[in-house]
Amino acid sequence: MIQYLRVATFPGEMRLAVTQDEALLDYALWRPTAPDLVGNIYVARVAAQAAFMGGVFVDLGQGLQGFLSDQKAVSDLTEGQSITVCVSRAAQGGKGVRVRMLEPSAQGKGIGLVTPGPTPLERLARQWPHATIVVDTPQAAALVPLPLRSRRESGFTPMPPEITAACHALEDSTVELPGNMQATITPTPALIAIDMDAPPVAGSRFKQTAQFAANRDTLPELLHQIRLRNLSGAIVIDPAGMAMRKRQALQEVVQAALRADPLRPRCLGISALGLIEIVRPRIHPSLPELLNSPHGHALRALRTILAEAPTATILRGSIPLIRALEQDPQAVADCVQLRGKPLALKADPALPDFFWTVQDA
């Protein structure tokens, strides 16, 4: 069975889907003008000690700052010292980028970027080395790096409708699962809560057996959906309708399913409340965070205009939305190129955050 790494072009971003037949194996958003910086290597300068946080802030150049929390490494650092660092975690959850130290000293070098990290396309291509790369536009083809071009299928092929639908479903907080089960995902500042629901079971004699089987058979798909959305940090899952004493038996199912995840998340066990506790490393921003950021709302507006408002020439939006588009002029240029019609931006202070409308000139 052939695996494909499919690239779909939208204003300001590429949507990457690894597929096999009609199955969605992996997924990522790629915003070329707004990289998350993970893997970037910098010559940095120690800006300030933060003993109360167990680390130091470092200046990466061009107004960018990172945090180095390796207590063993920072104990010998002094303010103003130059070091070489690599970004280990993207800015997310209101916190800046995290870095790890590669070299204790880089004296005499100016601070700034040395080597960019891999793009989402390069990451997925490395994780799926046998996947054939398929692009839908010349713009996407131009972004395929030279070492990967031998893996690219010639021509331009749009993403199949069933894969497009599966990608769109990732934006919904409700996940449809096998056996008519559902899961509702609720991100919070502290953790991600997932509530599973199952259809009622007729009769009471075999109710617990049926509910255990339904949760057991559904959890692997739910954990796959967690990976597709790149949900990370503390994750708690409330299984559907099971007695507390039965829930402990689900831990082995969860641990087995987590082994397929390249980030190696850990199941910490089943809490006294019967919740499945998982910790998945925070490295790249989650899909909900990307979609619900000001930039994400702005790109959604451009996608909608491209698909549903072909004659509009003016985008009137709230101040945060227009500001996000002004910070990503390439996204607007992409929209203009894809639709073949100019698009002017106008900020309207009367509109609520991230609201917008369109009009003809």
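Computed from a predicted structure; not experimentally measured.

J.: Sorry if this is basic, but what is going on with the pairing of strand β15 (residues 266-270) here?
T.: Here four bridges tie β15 to strand β16 (residues 276-280), and the two strands are oriented antiparallel to one another. Counterpart to Gly269 in the pairing with β16 is Glu277. Turn length for the β15-β16 hairpin, with the two strands adjacent in sequence and antiparallel, is five residues, and the turn residue Gly274 shows positive phi of about 85 degrees.

J.: Please clarify how helix α11 (residues 329-339) should be interpreted in this entry.
T.: Along α11, the positions that sit buried rather than exposed are Ala331, Val332, Asp334, Cys335 and Arg339. Down the axis, α11 shows its buried residues gathered within 155 degrees of arc, on one side only. Seen from the open side of α11, the exposed residues pointing more than 90 degrees away from its buried face are Pro329 and Gln337. Against the buried residues of α11 lie β1 (3-10), α9 (294-308), α10 (319-326) and β18 (344-347).

J.: What exactly am I supposed to notice about the environment of Ala91 here?
T.: Locating Ala91 in the fold gives a position in the loop between β7 (82-89) and β8 (97-103). For Ala91, a relative accessible area of 40% corresponds to the partly exposed category. Linking Ala91 and Ser271, residues 180 residues apart in sequence, is a C-alpha distance of 30 Å. If near-sequence neighbours (up to four positions away) are discounted, Ala91 is found in contact with Gly96, Val97 and Pro285.

J.: Before we go on, may I ask you to explain the packing of aromatic side chains in this structure?
T.: In this description, a pair of aromatic rings is defined by centroid distance and the angle of the planes. Scanning all chains against the criterion turns up one aromatic pair. The ring of Tyr4 has Arg6 lying over it, and the distance from NZ or CZ to the ring centre is 4.6 Å. Across from the ring centre of Phe10, 5.5 Å away, lies the NZ or CZ of Arg15, which sits over that ring.

J.: It is not clear to me how unusual backbone geometry should be interpreted in this structure. Could you clarify?
T.: Glycine aside, the phi torsion of most residues is negative, and most peptide linkages are trans. If you check the backbone angles, Arg264 has positive phi at about 55 degrees while not being a glycine. Looking at where Arg264 falls in the secondary structure, it is placed in the loop between α7 (251-258) and β15. Its relative accessible area of 55% is what places Arg264 among the exposed residues. Not every positive phi belongs to a glycine, and Phe354 is a case in point at roughly 70 degrees. Inspection of the secondary structure puts Phe354 in the loop between β18 and β19 (356-359). In this structure Phe354 comes out as partly exposed when scored by relative accessible area, which is 24%.

J.: Sorry if this is basic, but what is going on with the nonpolar core here?
T.: Most often, soluble globular proteins keep nonpolar side chains buried together rather than apart. Counting 26 residues, the largest nonpolar core has Ile194, Leu219, Ile237 and Ile276 as the members making the most contacts within it. The set of elements that each furnish at least two residues to this core consists of β11 (174-177), β12 (181-187), β13 (192-197), α5 (207-228), β14 (233-238), α7, β15 and β16. Per element, the largest residue contribution to this core is five residues, and it comes from α5. Beyond its immediate stretch of four places on either side in the chain, Leu219 contacts Met196, Ile237, Leu250, Val253, Val254 and Ile276. The next biggest cluster of nonpolar side chains, apart from the first, holds 19 residues, and it includes Val18, Ala28, Val144 and Leu148.

J.: Hey, could you run me through the sheet that holds β14 in this one?
T.: As summarised here, the arrangement of the six strands in space is β11-β12-β13-β14-β16-β15, forming an open sheet in which the pairing is mixed. Every interior strand has two partners, whereas the edge strands, β11 and β15, have only one. For this sheet, the mean angle separating the axes of adjacent strands, direction not counted, is 20 degrees. Against the sheet, α5 makes contact with β11, β12, β13, β14 and β16, and its axis sits at roughly 145 degrees relative to β13, the strand it touches most. In the packing of α7 onto the sheet, contacts are made with β15 and β16, and the angle to β15 comes to roughly 175 degrees.

J.: What should I look at first to understand the sheet that holds strand β3 (residues 23-30) in this one?
T.: In any sheet, the strands associate via hydrogen bonds between backbone groups, in a parallel or an antiparallel arrangement. Within the open sheet, the four strands sit side by side as β3-β2-β1-β10. Their pairing is mixed. Where the open sheet ends on each side, the last strands, each with one partner, are β3 and β10 (132-135). Across the sheet, the axes of successive neighbouring strands diverge by a mean angle of 20 degrees, strand direction being ignored. Direction of pairing for β1 relative to β10: parallel, over a ladder of four bridges. For Tyr4, the partnering residue across the bridge sits in β10 and is Thr132.

J.: Is there a simple way to think about the pairing of β12 in this case?
T.: Regular strands place their side chains on alternate faces of the sheet. Two elements, β11 and β12, share four bridges in a ladder whose sense is antiparallel. Within β12, the residue paired with Glu176 across the bridge is Gln182. With antiparallel pairing between neighbouring strands as the criterion, β11 and β12 make up a hairpin whose turn holds three residues, including Gly179 at a positive phi of roughly 70 degrees. Strand direction decides the pairing type here: β12 and β13, joined by six bridges, are antiparallel. For Pro187, the partnering residue across the bridge sits in β13 and is Ile192.

Analysis parameters
Residues numbered from 1 in each chain as written. Predicted model: local features only at pLDDT ≥ 70, side-chain atom pairs only at ≥ 80, totals over all residues. Heavy atoms only, no water. Pairing = 2+ DSSP bridges. Helix = DSSP H or I, 4+ residues; strand = E, 2+ residues; numbered from the N terminus. Buried < 20%, exposed > 50% of the residue type's maximum accessible area, 1.4 Å probe, protein only. Arc of directions from axis to C-beta. Contact = heavy atoms within 4.5 Å. Phe/Tyr/Trp six-rings, centres within 6.5 Å; stacked < 30°, edge-to-face > 60°. Lys NZ or Arg CZ within 6 Å of the ring centre and 35° of its normal. Core = buried A, V, L, I, M, F, W, Y, C linked by side-chain atoms within 4.5 Å. Axes fitted to C-alpha atoms, helices over the stretch in contact; angles between N-to-C directions.

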